[in-house]
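Here is what each chain is made of, one letter per residue.
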Amino acid sequence: MHRNNVLPELLYQETHGPELLANTHPADWRNPVPKDKYNLVVIGAGPAGLVAARGAAGLGASVALIERNFIGGDCLIMGCVPSKAILRTSRLYAEMHDARNYGAPVPSGIAVDFPAAMERMRHLRGRLSGYDSVQRLREEGVDVFFGSARFMGPEAVSVGGVTLHFQKALVATGARPKTPDIPGLAQAGYLTNENVFDLIHQPKRLLVIGGGPLGCELAQAFCRLGIEVVLAQDDPMFLPGEERDAAQILSDALALDGIEIHLNSPVVAVRLDHGQKVVDIVNDGDKRTIAVDEILTGVGRSPNVEGMDLEAAGVAYDTETGIVVNDFLQTTNKRIYAAGDVCLEHKFTHSAEASARIVVQNALFLGRKRLSALNIPWCTYTDPEIAHVGIYVREAREKNIPVKTFTILMHDVDRAVLDGEEEGFVKIHVREGSDRIVGATIVARHAGEMINGITMAINSGIGLRALAQVIHPYPTQASAIRMAADAYNRTRLTPLLRAFSKWWLAKGRA
Amino acid sequence: MPDARAQSDEALLDRFQHAAFGYFLENCNPVNGLVADTSRNNSPASIAVVGFALSCYPVGVERGWMTRDDAIASTLATLRFFWNSAQNEEPLSTGHMGFYYHFLDMHRGIRVWDCELSLIDTTLLLAGMLTAAMYFDGDSPRETEIRTLTDALYRRVDWHWAQGACATVRQGWKPESGFLHYGWEGYSEAAILYVLGLASPPHPLPADSYAGWSSTYQWENIYNYDLLYAGPMFIHQFSHAWIDFRNIRDKFMRAKNSDYFENSRRSAFAQREYARRNAHGFVGYGENCWGFAACDGPGFETLKIDGRKRRVFGYAARGIPYGPDDGTIAPWTALASLPFAPDIALAALRHFCAQYPDVTQADRLPSGFNPTLPGRGPGGWISEGCFGLDQGLIVMMIENYRSQMIWNLMKRCPLISAGLRHAGFTGGWLSQPEARPDAQK
C-alpha cells in the first residue's frame, strides 16, 4: 500500500483528470539543459519549494527546481486541497440532515453520491494545480527538472543524468505518512493520505487509526458521507497537544456525527477474514474486535531524507526529526538550507511556505531571518474548526509565564447563534498583569478565518486593550475577539477605580 | 412530606441531610462495613462511598441519627475488614500496595467488574478513615483501635509506587495491564489525593508531584468570573468536603490572589450562568435549575428530539461551559455548593422541590434527572434510586455549612495540615497554632 518513490499508477487513470497531470507532471516533459551554475537549486516542488523557487526567480535569481513526482507536493495532491474539498461536500450533507434547525425541511431521501464528491474534489484539485503549473514555472524563469535528486558533493546535485552546480541549495522534500507498527496491518492493506483520495467506491465501514488532525478531519468527513466510521486513538484525547477543552468539544462533535470513538485504545492486531479487515482494539486491558472494509492511518509523518545522498553534501539529518537546521534554516552544510516538512516540527503548508521565504532571504540576500521569530498558527478543519496561535497555557506554565485566559463562548456571540454555529469558544491567553497576547485557541465553525486577527495582533505587538478599540461590523462571529478584549477591560476596573468612578458621577449629579 | 415552601432553610436542610444520611444505614453491610455504590439491586460496594459513610457517621452521632456505639461498630467493622483484606496482585483481591479496587463485592469484599485499583477512590476512603480517627478520640479500646487501624491502613499505602515512575500520580492500575496510562494532572477533585500522598511518612509523594499536578491549571475569565477552570462541579466540591480551603493558599492561588474555596464559589455561579444561558435549549435550565457534574444519565445513545439530534450519556462527567451536556442535571451538586454559595444553592433546592416533586420525593436527590426527555413527571427521565457518593457529599456539605464540623475535625488532623504544607499551602487556619503538627502531639 505504501508507494514511496513510486509514481502512483492510479494517477494515470482518468479519474484524476488530464488537467492535473498536464499541470503537475506532463508525460512529454523534457528537462531543460542545465545552466553552468544556479543561484539556487531547490529539491522538492511542494509548498516550500514552490515559494522559494518562484520567490527567488522573481528577484532575478537563476533557479532550478527538482521534483520526482508532481508539482504541488502533498498539499495539492494528497493533503489540504483534496481533503478540504471533501470536507465541504460532507458538511453539505450534514446540514441537509440538520435542515430543521435552520428552519427548513429535511430533504427527503438524502442519498450520498460518493463518486460525485470525489469527482468534485478531483476537478477542483485539477483547477488549483494550474496556479503552480510547470508551464507557469517555466514562464517565470524556473528550470524544472523531473527526476530524483542526488547530491554529488557539497555544491552539486544530479538529476536525470545531468549535474546541477549551485551557489545555494534548498532541500524541501517534505514528509510521508508514518507506517503504524501493527501486526497484520501491512498484509491486510491500509490507506493513508497518499491514496485515500483515490477511493472510487464508498466503503461501508472504515476504521481510522490516529486522532490527529488528519484522522479527525477525514473521520468526520467520511462519516458525513455515509460511511460507518470507527476512530481509534492511543491517547486519552484527540489532537494531543491541543487544548483539552477544544479536544473535548471536538470529541462530542464527532460522536454526535455518529463516529464510534475509541480513546485510550491502541489497535494491536489486524487480520483478513473473508475479505473483511478484522481489527483488535485494546482499552485498559479490555480487547474489542471489530470488522471493517478499509483502514485509514494517520499517525504522524516521517521526513523524506533518504535517497538524496545527503551525506555526500555534509547535511546531517535524523530519520525521525528530519534535516538538522539552525534558526536560520541552514543545514550543517552552510550552502544548503532546508524548509518545510523535511525539517520542521509543525508540518503545515503555511509553515513550509513561511520557512521558504526565510530561506530565500537568508540564502541569497544575506538575510538573518529566524525561524523562531515566526508566529505560526494552525487549524484543524473539523466542524467545528480548531485553530491555534502562539503558546499554550501548559507551555506558558512550563516557562514560568503567568497566564490568564479570556474566554468567550460562541453561544454568547450573536452571529454564531443566528448562524446556528454556536459550538466553541475563543480563548485568548495574555501574560498576567498585562494585555500582551501570548497565544490563543479558537474553536468555531470558521476558527481558521478568525484566528488571523489574533495572529496579526501578536505579530504587531498589539495587546488586548488595543483590540478592544477595533470596531467589528455587527454581527460577525469574529467579534468574539473584541468581546474577549472587553472582558479584559472589565477586569481592569478594580474596586478602587469603581469607587472613584461612582464618586465622580455622584459629584456630577450634585 | 412537608411543604418546602413553608419550611425554614434550616428545617429544609435538616430534612435533606437526614434523608441523605439514611442512605448509609440502609445500604451498609454491617459485617464488613462495605456500603453499596447505589441503592439499586445487586449494586457492589464503592470504596469511595465507604469513605463518605465513615465521614458521615460522626455527623449522624452529633445530629442524633445514630448512636455513638453503632457508629463505632460500623467504623470498626469497616477498618477491620480493610486491614484484613487481601492485598496482592491477584485479579480477585481487595487491593494492592495499600490501595483498593474501586468496586468490591458487597459480601466477599473482592474486586468486581474488572475495575481498576483506584487512586482517587482509595483517597476518599482514607479521608473517611481519618475523619473517624479524628472524631473517635476516646480512650476506650474500641475507639483506640479505630485510630490504630486508621494509622496502619494509611501507612500501608505506597503513594510513591502509584506514580508509576511518572511525575504525577496515575489514575489507576489493573492486574491485567498495569497502570492506566493517564495521570492525575490539572485541577480536579484529586487535591486531597496529593495532600494525603505528600504527608505519608513511609511512602510519600515527592513535592514536585504537586507541581506536576498543577502544571496544567487553567486560570480563565469565563462569564466574567476569574476562576481556576474545571467543568464538572463535583471537582470543586469533593476535596472541600473534608478540607476547609478558606484563606489558605498554595503558590498558584497566592499568585492569583484567590483561594480554592472562593474558586468553588465562583464556579457555582458560573454553573448557574451557564444554565441561565441554556445555549443548547434544554428543558428546565435556568438560574435556579443547574448542577453539572459526574452523574447518571439516560444511557449512551443518539436521539432525535424535536427534530434535533441529541446525544445523551449514561454515567459520565458533565461540565460547563464546554460540555459534555445532554440536558441532565445533577441536583445534588447544586445543593453541595451550599458552603460556597448558600443563596443560590438554597434557591436551587427550593426550585427542585417546587418544580420537580418527582425528583425530590423521599427527600433524597437522585444522581441525575433530565426534563428534556419524557418521563412520568415534570422531571422527565430520573435516575433510578440514588448514589452513595451524592448522598455522602450532601450530608458533609450541609454539615460544613451548618456547623463546619468536618472541616474543624480535619483541621486538627496532622496529616492534612502536613500534606497541605508540603503542597505549599500557607495562611489562614494553617497559621493557627492548633494546626501546627508540633502542637498536636
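Residues numbered from 1 in each chain as written. Chains lettered and ligands numbered in written order. Predicted model: local features only at pLDDT ≥ 70, side-chain atom pairs only at ≥ 80, totals over all residues. Heavy atoms only, no water.

### Things to note about the interface of chain A and chain B
This is how the line gets drawn: Contacts are assigned to residue pairs that have any heavy atoms within 4.5 Å of one another. Simply put, the buried area is the total loss of 1.4 Å probe accessible area from both parts when two parts are fitted together. We count a salt bridge whenever a side-chain nitrogen from Lys or Arg sits within 4 Å of a carboxyl oxygen from Asp or Glu. Two N or O atoms form a polar contact when they lie within 3.5 Å of each other; inside protein one atom must be a possible hydrogen donor and the other a possible acceptor, and for residues adjacent in sequence the pair counts only when both atoms belong to side chains. The helix count covers DSSP runs of H or I at least four residues long, the strand count covers runs of E at least two residues long, and both are numbered beginning at the N terminus. Note on residue categories: nonpolar means Ala, Val, Leu, Ile, Met, Phe, Trp, Tyr, Cys or Pro, charged means Asp, Glu, Lys or Arg, and polar means any other residue, Gly included.
Contact with chain A, which involves 36 residues of that partner, is made by 35 residues of chain B. Note on chain A versus chain B: buried area summed over both sides is about 3,100 Å², and carbon and sulfur give 43% of it. Inspection of the region where chain A meets chain B yields six salt bridges. Between Asp412 of chain A and Arg277 of chain B there is a salt bridge, and its shortest N-O distance comes to 2.7 Å. Scanning the region where chain A abuts chain B turns up 21 residue pairs in polar contact (both at pLDDT 80 or more). By residue number, the principal contributor to the side of chain A that touches chain B is helix 9 (residues 244-257) of chain A, which donates eight residues. Residue composition of the side of chain A that touches chain B, grouped by class: 10 nonpolar, nine polar and 17 charged.

### What to know about the domain arrangement of chain A
Residues and elements named next belong to chain A. How we decide: For every domain, the bounds stem from an assignment made automatically or drawn from a database.
You can read the domains of chain A as domain 1 (10-76 + 115-177 + 302-373), domain 2 (185-299) and domain 3 (384-495). The straight-line distance from the C-alpha centre of domain 2 to that of domain 3 is 32 Å. Taken together, the contact between domain 2 and domain 3 spans nine residues of the former and 12 residues of the latter. A combined buried area of about 890 Å² lies between domain 2 and domain 3, and 59% of that area is made up of carbon and sulfur atoms. The largest per-residue losses of area from domain 2 upon contact with domain 3 belong to Glu242, Glu243 and Ile249, which jointly make up 55% of the total buried on that side. Here domain 2 and domain 3 share two salt bridges between them. Between Lys427 and Asp245 there is a salt bridge, with its nearest N and O atoms 2.5 Å apart. Inspection of the domain 2/domain 3 interface yields five residue pairs in polar contact (both at pLDDT 80 or more). Of the residues in the side of domain 2 that touches domain 3, the class split is five nonpolar, one polar and three charged.

### Remarks on helix 11 (residues 349-364) of chain A
Residues and elements named next belong to chain A. For clarity, the threshold we go by: Each residue after the first adds 1.5 Å to the expected span of a helix. Buried, partly exposed and exposed residues are distinguished by accessible area as a fraction of the type maximum, computed with a 1.4 Å probe on protein chains only: under 20%, between the cut-offs, and over 50%, respectively.
The end-to-end C-alpha distance of helix 11, which contains 16 residues, comes to 22 Å, matching closely the 22 Å that a straight helix rising 1.5 Å per residue would cover. Of all 16 residues making up helix 11, 12 are buried, and the element is well covered by its neighbours. Looking at helix 11, one finds that the buried residues are Thr349, Ser351, Ala352, Ala354, Ser355, Ala356, Ile358, Val359, Val360, Asn362, Ala363 and Leu364. At its buried positions, helix 11 is contacted by strand 1 (38-43), helix 2 (47-58), helix 3 (73-78), helix 4 (80-97), strand 6 (162-171) and strand 18 (336-338).

### Some thoughts on the nonpolar core
What tends to happen in soluble globular proteins is that the nonpolar side chains get buried as a cluster. What counts here: For the purposes of this section, nonpolar cores are sets of buried Ala, Val, Leu, Ile, Met, Phe, Trp, Tyr and Cys residues that join through side-chain atoms within 4.5 Å.
One finds Tyr57, Phe82, Trp242 and Leu420 of chain B to be the most contacted residues of the largest nonpolar core, which totals 129 residues. Two domains each provide a minimum of three residues to this core, namely domain 1 (31-214 + 404-441) and domain 2 (217-402) of chain B. With 70 residues, the next largest nonpolar core counts Ile86, Leu87, Tyr93 and Ala219 of chain A among its residues.

### A closer look at the sheet that holds strand 11 (residues 267-273) of chain A
In any sheet, the strands associate via hydrogen bonds between backbone groups, in a parallel or an antiparallel arrangement. Residue and element names in this part refer to chain A. Rule in force here: Paired strands, in this sense, are two strands between which DSSP finds at least two bridges. For helices, the axis comes from a line fit to the C-alpha atoms of the stretch in contact; other axes are also lines fit to C-alpha atoms, and the angle between any two N-to-C directions lies between 0 and 180 degrees.
Sheet architecture is open: three strands sit in the order 11-12-13, paired in antiparallel fashion. Unpaired on one side and paired on the other, strand 11 and strand 13 (286-292) mark the two borders of the sheet. Strand after strand, the sheet turns through a mean of 20° between neighbouring axes, direction not considered.

### Observations concerning the environment of Ser264 of chain B
All names here are of chain B. Tracing the chain through its elements places Ser264 in helix 9 (residues 260-277). Taking the relative accessible area as the measure of exposure, Ser264 reaches 0% and is therefore buried. Apart from residues no more than four positions distant in its own chain, Ser264 is found in contact with Met233, His236, His240 and Phe340.

### With respect to the packing of aromatic side chains
Describing an aromatic ring pair means giving the distance of the ring centres and the angle of the ring planes. To be explicit about the condition: Working definition: rings of Phe, Tyr and Trp (its six-membered ring) pair if their centres are within 6.5 Å, and the pair is stacked with planes under 30 degrees apart, edge-to-face with planes over 60 apart, and tilted otherwise. Placement of a positive charge over a ring is assigned whenever Lys NZ or Arg CZ falls within 6 Å of the ring centre and within 35 degrees of the normal to the ring plane.
Under the defined criterion, the tally for this structure stands at 46 aromatic pairs over all chains. The interplanar angle of 85° and the centroid separation of 6.0 Å between the aromatic rings of Trp29 of chain A and Phe146 of chain A together place this pair among those described as edge-to-face. Placement of the pair is Trp29 of chain A in the loop between helix 1 (18-24) and strand 1 and Phe146 of chain A in strand 3 (residues 142-146), with a sequence separation of 117 residues. In this structure Trp29 of chain A comes out as buried when scored by relative accessible area, which is 16%. Here Phe146 of chain A falls in the buried class, since its relative accessible area comes to 10%. Consider the rings of Phe261 of chain B and Trp407 of chain B, whose centres lie 6.1 Å apart with planes at 75°: the pair is edge-to-face. One end of the pair, Phe261 of chain B, is in helix 9; the other, Trp407 of chain B, is in helix 14 (residues 405-411), and 146 residues separate them in sequence. For Trp407 of chain B, a relative accessible area of 2% corresponds to the buried category. Cation over ring: Arg368 of chain A sits above Phe328 of chain A, and NZ or CZ is 3.9 Å from the ring centre.

### Regarding the state of the cysteines
Threshold: Note on terminology: disulfide denotes any pair of cysteine sulfur atoms within 2.5 Å.
Inspection of the entire model under this criterion finds zero disulfides over all chains. Considering cysteine sulfurs only, Cys80 of chain A is the nearest to Cys379 of chain A, which forms no disulfide, with 11 Å between them.

### What to know about the sheet that holds strand 10 (residues 260-262) of chain A
Residue and element names in this part refer to chain A. The four strands are arranged 10-9-8-14 in an open sheet whose pairing can be described as parallel. Single-partner strands in this sheet number two, and they are strand 10 and strand 14 (294-297). Neighbour-to-neighbour, the strand axes of the sheet open up by a mean angle of 20°, direction not taken into account. Pairing of strand 8 (residues 205-209) with strand 9 (residues 228-232) involves five bridges; the strand directions are parallel. Bridge pairing links Leu206 to Val229 in strand 9. Across the face of the sheet, helix 8 (residues 213-224) comes into contact with strand 8, strand 9 and strand 14 while running at roughly 165° to strand 9.

### A look at helix 5 (residues 141-156) of chain B
Residue and element names in this part refer to chain B. We apply this condition: By definition, the arc is the one covered by directions from the helix axis to the C-beta atoms.
Taking 1.5 Å as the rise per residue, helix 5 with 16 residues should run 22 Å; its terminal C-alpha atoms sit 22 Å apart, in good agreement. When we look at burial in helix 5, the residues that qualify are Glu143, Ile146, Leu149, Thr150, Leu153 and Tyr154. Taken around the axis of helix 5, the buried residues stretch over an arc of 130°, which confines them to a single face. Packed against the buried residues of helix 5 are helix 3 (68-84), strand 3 (99-101), helix 4 (119-135), helix 6 (191-199) and helix 15 (414-422).

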